[in-house]
Amino acid sequence: MAESQRVAERVREVAAPIFWALGLELVEVVCVGQGSRTVVRVFIDKPGGVTLNDCQQAHESLSPALDVADPLPHAYTLEVSSPGLDRPLRRPQDYRRSLGKRLTLKLRQPYAGQWRLVGELIDVDEQAVTIATSGPGAAATVRLTFGEIVEGKLEVTF
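Before going into details, it helps to say that this report is about the structure given with it.

Reading guide: rules and limits
- Residues numbered from 1 in each chain as written.
- Predicted model: local features only at pLDDT ≥ 70, side-chain atom pairs only at ≥ 80, totals over all residues.
- Heavy atoms only, no water.
- Helix = DSSP H or I, 4+ residues; strand = E, 2+ residues; numbered from the N terminus.
- Buried < 20%, exposed > 50% of the residue type's maximum accessible area, 1.4 Å probe, protein only.
- Contact = heavy atoms within 4.5 Å.
- Areas by Shrake-Rupley, 256 points an atom, 1.4 Å probe, with all protein chains shown as cover.
- Lys, Arg positive; Asp, Glu negative; His and termini not counted.
- Charge placed at Lys NZ, Arg CZ, Asp CG, Glu CD.
- Pairing = 2+ DSSP bridges.
- Axes fitted to C-alpha atoms, helices over the stretch in contact; angles between N-to-C directions.
- Disulfide = S-S within 2.5 Å.
- Polar contact = N/O pair within 3.5 Å; in protein donor to acceptor, adjacent residues only side chain to side chain.
- 1 Å grid on protein atoms, 1.4 Å probe; cavity = no way out; pocket = protein on both sides within 12 Å on 5 of 7 lines; lining within 4 Å.
- Points joined across faces, edges and corners; volume = space filled by probe spheres on them.
- Nonpolar A, V, L, I, M, F, W, Y, C, P; charged D, E, K, R; others polar.
- Salt bridge = Lys/Arg side-chain N within 4 Å of Asp/Glu carboxyl O.

The next thing to look at is the overall build of the protein. If you tally the helices and strands in the protein, you get three helices and nine strands. Scanning the protein from its N terminus toward the C terminus, one meets helices and strands in the order α-β-β-α-β-β-α-β-β-β-β-β. Seen along its three principal axes, the alpha-carbon backbone of the protein occupies a region of about 55 × 30 × 30 Å. Burial analysis of the protein (158 residues in total) assigns 33% to the buried set. Relative to all contacts within the protein whose residues are 6 or more apart in sequence, the contacts with residues 24 or more apart total 50%. Taken as a whole, the protein presents about 9400 Å² of accessible surface, with 52% of it coming from carbon and sulfur. Positive and negative side-chain charges of the protein, numbering 18 and 20 respectively, have mean locations separated by a distance of 4 Å.

Now for the sheet that holds strand β2 (residues 39–45). Taken in spatial order, the three strands make up an open sheet running β1-β2-β3, and their pairing is mixed. The open sheet has two free edges, formed respectively by β1 (25–32) and β3 (77–81), since each of these has just one partner strand. Ignoring strand direction, the axes of neighbouring strands in this sheet form an average angle of 15 degrees. Sheet analysis places β2 next to β3, joined by five bridges and oriented parallel. Bridge pairing in β3 links V42 to V80.

Once that is clear, we can look at the state of the cysteines. By definition, a disulfide links the sulfur atoms of two cysteines through a covalent bond. Under the defined criterion, the tally for this structure stands at zero disulfides. We note that C31 lacks a disulfide partner, and the nearest cysteine sulfur, in C55, lies 17 Å from it. Taking relative accessible area as the criterion, C55 reaches 11% and is therefore assigned buried.

Looking at the element boundaries, S98 is found in the loop between α3 (92–96) and β5 (102–111). Within the structure, the side chain of S98 is placed 3.4 Å from the backbone oxygen of D94, a separation counted as a polar contact. With near-sequence residues (within four places) excluded, S98 lies in contact with L89, L121 and L154.

The next point concerns the layout of surface pockets. Taken as a whole, the largest pocket encloses approximately 280 Å³ of empty space. Around the largest pocket sit 16 residues that line it, and D45, L85, R87, R97 and L154 are the ones nearest its centre. Of the residues contributing to the lining of the largest pocket, the split by class is six nonpolar, five polar and five charged.

Let's shift gears to unusual backbone geometry. The phi dihedral of D70 falls on the positive side, at around 50 degrees, and the residue is not glycine. Relative to the helices and strands, D70 resides in the loop between α2 (52–69) and β3. If you check the backbone angles, A112 has positive phi at about 50 degrees while not being a glycine. Tracing the chain through its elements places A112 in the loop between β5 and β6 (114–124).

Counted by the stated rule, this structure contains twelve salt bridges. One salt bridge connects R91 with E25, and the closest N-O pair in it is separated by 3.1 Å. Of the two residues, R91 is situated in the loop between β4 (88–89) and α3 and E25 in strand β1; the sequence distance between them amounts to 66 residues. We classify R91 as partly exposed; its relative accessible area is 26%.

And the structure:
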């Protein structure tokens, strides 16, 4: 396991219970850079979305805990933010949060000749998602396992 993955896992272990107590969900931890230029990015979410105050509170709660846990042997920068509207959906809980919304799925193998499917997310379980598609052909309900999906993203419309 690479150092950045070990650091990310250690940060997850420390952050998850802290964020849970704050009513926040730990979405992802990403470590980039090397040495004292390392940046530890922590992404949080909650029902209704994350505010600037949530990010500040999470940072102020996590920073001293990481000082004690000391996941890196050198200085680093800690960033806490929302994952954003266009964040990739990876875990079943990411998809559950998007039930009833329109999304795009990039596939490992084409489905009916298409590498990408767009539709409304109508069901999620631990193994698969079900979307209702519509297009030039006919509307269809498609169930895809997580193994068949490379990446899922919400369709962002303004």
